[in-house]
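Residues per chain are reported as follows:
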Amino acid sequence: MAIQNKSESETQQLAEKASVIQHRRRHRTPLENFTEQVAPKPPKARDDGMNADADPEIQNSQPEAEPPPAIAAPVSAPVAPATGFRQKIRRIPVLGYALAWFNAVLLLPRTRFQTEVAISQLHGRVDRLQKEFQEQLDIRMDNLHQQIQEQLQRYFDLQQQLHAQSQRIAELEAPKLAIRMDQYDALDVGSRLMQLDRLQIARQLRSVNLMMRTSLQNERNQVGKISNISNTAPDLTVVPANTPQPKPVIQSPVVASDFDQDQFYLEFEALFRGSRADIKDRLKVYLPYLSHISAEPKDQRKMVIDVGCGRGEWLELLDEQGIPAMGVDMNQSMVNACLDRGFLVRHADAIAYLREQEAGSIGAVTGFQIIEHLPFEQLIALFDAARHALCPGGIIIFETPNPENLKVGACNFYFDPTHLHPIVPQVAEFMARQRGFSHAEILRLHPYPDDHLLHGGTAVEAVINKELFGAQDYAVIGRK
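Residues numbered from 1 in each chain as written. Predicted model: local features only at pLDDT ≥ 70, side-chain atom pairs only at ≥ 80, totals over all residues. Heavy atoms only, no water.

### Examining the confidence of the model for the protein chain
Selection criterion: pLDDT: the predictor's confidence for each residue, scored from 0 to 100. Helix and strand assignments come from DSSP, with helices taken as H or I runs of at least 4 residues and strands as E runs of at least 2, each series counted from the N terminus. In what follows, residue pairs with any heavy atoms lying within 4.5 Å of each other are defined as contacts.
Of the residues in the protein chain, 69% have a pLDDT of 70 or more, and the chain-wide mean is 77. Mean pLDDT per element in the protein chain: helix H3 (residues 56-61) is the minimum at 41, and strand S4 (residues 362-368) is the maximum at 97. Here residues 43-82 is a poorly scored stretch, pLDDT under 50, and it has 23 contacts once near neighbours within four places are set aside; other chains count. Of the regions scoring below 50 in pLDDT, residues 226-256 engages in three contacts with residues more than four places distant in sequence or in other chains.

In structure tokens form, the structure reads like this:
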């Protein structure tokens, strides 16, 4: 019976201790909870009577054992819970919290040390992770760098292979290209020689033609005299009766023409080209293109050759600007008119004269309303001869009627009976570039006055103004 009472009392004491611990946890401050979690817990004492001496509070809380009564009476009321001194003090409303905070302050260095240890451990772990990440990153970067180096090496190998193949192809094609270039050069030289032969043959044909005309005229005169004598003499031949008689042929005498083409063209320009003042005013637009010549010292200024100088308006304008100039024309009347005004002019073929000049000795080659008179072969020869004579940076200026203007292309171009055909501006620019002039441009000039334009503002009127009253002339300007 005593053993049963003892076990019931131990069970009751354990229940009281559990209630005290729960009460302490409910009234404990957060700092105490943190301290209890961080601080190592001491080993638990056994709840039986064997370790009761280790804890004084438990020892004090246990009641002294009383001798069992003779007759065991049943337990009617629960035993009062055994509480320690600290728990009693902590239950005091103000003093308990103060003591709890005081205890936390006392344990603060220990808590701080433990926190620093934890932080240092965390830093060490972070350092290890960073080191591992850096090692992995270095490994990946090394692999990537190695791959890039391999790709670059492959690229350089392919480039060397392509270069070697191109060299082999060039070596194989070089003889063929040399043969083709020789053929082209021979063809170019042959075409130029052919043009020279044509000029020489044309001159010879002119002289032969004059000689033949003279001889034919003399022969006809002799034939006329003989026919007159034969008509007066009696006809002694016997003609059969049935022979048909030929019809008499009436021959009109050929009279030598006194037409002077040079004088005709001089009078033609005086009537249709305009006055000298108007032409000089039109030509002033080209002076800025020769500023590189006028900017040099007088003794170093290169000559300007004007092809087909005509009446010499451009020569006069250049003389006023201090630019040395010389005109070349095949019209003797034009040459005489320029010589009368004191200009330096030569009666010669312009292409042949340019070829005779020293290479790179001329500053500019100009020609106004001249290229539309030349056949295609002579036009190409003019570009080549001008390029031969021009110095580096030299310039060509060739002005001609603009066929983009419908009135010019359909009517005004044919005022001059010696015009061959109009030249499209884009074709003239292509000729200059194709014959070796690095820079070529088209300058459109001389539109109709405003009183010719339609001012309604409609799209149709704008097209009419552009097509009918646009630039009447243009100039192809090329630089060597």
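### Focus: the nonpolar core
Rule in force here: Nine residue types can take part in a nonpolar core, namely buried Ala, Val, Leu, Ile, Met, Phe, Trp, Tyr and Cys, and a core is a set of them joined through side-chain atoms within 4.5 Å. The classification of residues rests on relative accessible area computed with a 1.4 Å probe and restricted to protein chains. Under 20% of the type maximum is buried, over 50% is exposed, and intermediate values are partly exposed.
The biggest cluster of nonpolar side chains holds 34 residues, and the ones touching the most others in it are Leu354, Val365, Leu382, Phe383, Ile396 and Phe398. Once residues lying within four places of it in the same chain are set aside, the contact partners of isoleucine 396 are Val365, Phe383, Ala386, Leu390, Phe437, Val476, Ile477 and Gly478. By size, the runner-up hydrophobic cluster in this structure holds 27 residues, among which are Ile293, Trp314, Cys338 and Leu445.

### Things to note about helix H10 (residues 313-320)
Within H10 the residues assigned to the buried category are Glu313, Trp314, Leu315, Leu317 and Leu318. Against helix H8 (276-283), strand S1 (303-307), strand S2 (325-329), strand S3 (345-347) and S4 lie the buried residues of H10. Remark: glycine 322 follows H10 within two positions and exhibits a positive phi of approximately 75°.

### As for a negative patch on the surface
Defined as follows: Two joining distances apply to patches: 9 Å for like charges and 5 Å for nonpolar side chains (Val, Leu, Ile, Met, Phe, Trp, Tyr), and every residue must have over 30% relative accessible area and no salt bridge. A 1.4 Å probe and the Shrake-Rupley method give the accessible areas. Residues count as covered only by the protein chains that appear here. The salt bridge definition used is simple: a Lys or Arg side-chain nitrogen within 4 Å of an Asp or Glu carboxyl oxygen. Neither His nor the chain ends is counted toward charge; the positive residues are Lys and Arg and the negative residues Asp and Glu. A charged residue contributes its charge at one atom only: NZ of Lys, CZ of Arg, CG of Asp or CD of Glu.
On the surface, a cluster of negative charge is contributed by Glu132, Glu135, Asp138 and Asp142. Here aspartate 138 is to be found in helix H6 (residues 108-232). Overall, aspartate 138 belongs to the partly exposed group, its relative accessible area being 35%.

### Focus: the packing of helix H13 (residues 376-389) against helix H15 (residues 425-434)
Heads up, the rule is: Lines fitted to C-alpha atoms define the axes here, with helix axes fitted over just the stretch in contact, and angles between the N-to-C directions of these axes take values from 0 to 180 degrees. Roughly parallel covers angles under 35 degrees, roughly antiparallel covers those over 145, roughly perpendicular covers 65 to 115, and oblique covers all other angles. Crossing handedness follows the turn of the near helix against the far one: under a right angle anticlockwise gives a left-handed crossing, and clockwise gives a right-handed one. In the scheme used here, Gly and all other residues not listed as nonpolar or charged are polar, with Ala, Val, Leu, Ile, Met, Phe, Trp, Tyr, Cys and Pro taken as nonpolar and Asp, Glu, Lys and Arg as charged.
H15 packs onto H13 with a crossing angle of 50° between their chain directions and a minimal axis gap of 9 Å. In this view, H13 runs oblique relative to H15, as classed from their interaxial angle. Relative to H15, the crossing made by H13 is right-handed. Where H13 abuts H15, its residues Phe376, Leu379, Ile380 and Phe383 lie against Ala428, Met431 and Ala432. Classifying every residue of the contact of H13 with H15 gives seven nonpolar, no polar and no charged.

### Concerning a nonpolar patch on the surface
Residues Phe133, Leu137, Met141, Leu144, Ile148, Leu152, Tyr155 and Phe156 make up a contiguous nonpolar surface patch of roughly 770 Å² in combined accessible area. Mapped onto the elements of the fold, leucine 137 is located in helix H6.

### Regarding the sheet that holds S2
Rules: Here, a strand pair is defined by DSSP locating no fewer than two bridges between the strands.
What the seven strands build is an open sheet, ordered S3-S2-S1-S4-S5-S7-S6; its pairing is mixed. Sheet topology places S3 and strand S6 (439-447) at the edges, where each strand pairs with a single neighbour. The mean inter-strand angle of the sheet, taken between neighbouring strand axes irrespective of direction, is 20°. Where S1 meets S4, four bridges bridge the pair, whose relative direction is parallel. Paired with isoleucine 305 across the strands is valine 365, a residue of S4. Running at roughly 150° to S6, H15 makes contact with S6 and strand S7 (471-479) of the sheet.

### Quick notes on the pairing of S7
With seven of nine residues buried, S7 lies mostly within the body of the structure. Taken together, the seven bridges between strand S5 (residues 390-401) and S7 define a ladder with antiparallel strand orientation. When the sheet's bridge partners are listed, glutamate 399 is paired in S7 with alanine 475. Relative to S7, S6 runs antiparallel, the two being bridged by eight bridges. Directly across from isoleucine 442, in S7, lies its bridge partner valine 476.

### What to know about the side chain of arginine 301
Let me state the cut-off plainly: Polar contact is the term for a pair of N or O atoms within 3.5 Å; when the atoms are in protein, one must be able to donate a hydrogen and the other to accept it, and sequence-neighboring residues count only if both atoms are side-chain atoms.
You can see arginine 301 is positioned in the loop between helix H9 (291-294) and S1. Here arginine 301 is buried and forms no salt bridge, its nearest opposite-charge partner glutamate 296 lying at an N-O distance of 6.5 Å. A polar contact of 2.9 Å, which involves the side chain of arginine 301, links it to the backbone oxygen of glutamate 296. Those residues in contact with arginine 301 that sit more than four places away from it in its chain are Ile293, Ser294, Glu296, Gln321, Gly322 and Pro324.

### Quick look at the packing of H8 against H10
Viewed as axis vectors pointing N to C, H8 and H10 meet at an angle of 60°, and their least axial separation amounts to 9 Å. Taken together, the axes of H8 and H10 are oblique relative to one another. Crossing of H8 against H10: the hand is right-handed. Note on element contacts: H10 touches H8 through Glu313, Trp314, Glu316, Leu317 and Glu320, opposite Arg276, Ile279, Lys280 and Leu283. Its residues placed into classes, the contact of H8 with H10 shows four nonpolar, no polar and five charged.

### Digging into unusual backbone geometry
Here glutamine 369, not a glycine, exhibits a phi torsion of approximately 55°, which is positive. Locating glutamine 369 in the fold gives a position in the loop between S4 and H13. Residue classification places glutamine 369 among the buried positions, given a relative accessible area of 17%. Unusually for a residue other than glycine, histidine 446 sits at a positive phi of about 60°. Within the secondary structure, histidine 446 is located in strand S6.

### Topic: helix H5 (residues 93-106)
Here is the rule we go by: To estimate how far a helix should reach, multiply one less than its number of residues by 1.5 Å. By construction, the arc corresponds to the directions joining the helix axis to the C-beta atoms.
The terminal C-alpha atoms of H5, which comprises 14 residues, lie 21 Å apart, in line with the 20 Å expected from a rise of 1.5 Å per residue. The complete set of buried residues in H5 reads Gly96, Ala100 and Ala104. Buried residues of H5, seen end-on, are gathered within an arc of 75° and therefore sit on one face of the element. Away from its buried face, by an angle of more than 90 degrees, H5 presents the exposed residues Val94, Val105 and Leu106.

### Details of the packing of aromatic side chains
Using the following cut-off: Put simply, two rings from Phe, Tyr or Trp (the six-membered ring, in Trp's case) pair if the centres are within 6.5 Å, and we call them stacked under 30 degrees between planes, edge-to-face over 60, tilted for the rest.
In this structure the tally under the stated criterion is eight aromatic pairs. Ring centres 5.8 Å apart and planes at 55° place the aromatic pair tyrosine 155 and phenylalanine 156 in the tilted group. Between tyrosine 286 and tryptophan 314 the ring centres are 6.4 Å apart and the planes differ by 90°, which places this aromatic pair in the edge-to-face class. One end of the pair, tyrosine 286, is in the loop between H8 and H9; the other, tryptophan 314, is in helix H10, and 28 residues separate them in sequence. Among the aromatic side chains, those forming a connected cluster through ring pairs are Tyr286, Trp314 and Phe368.

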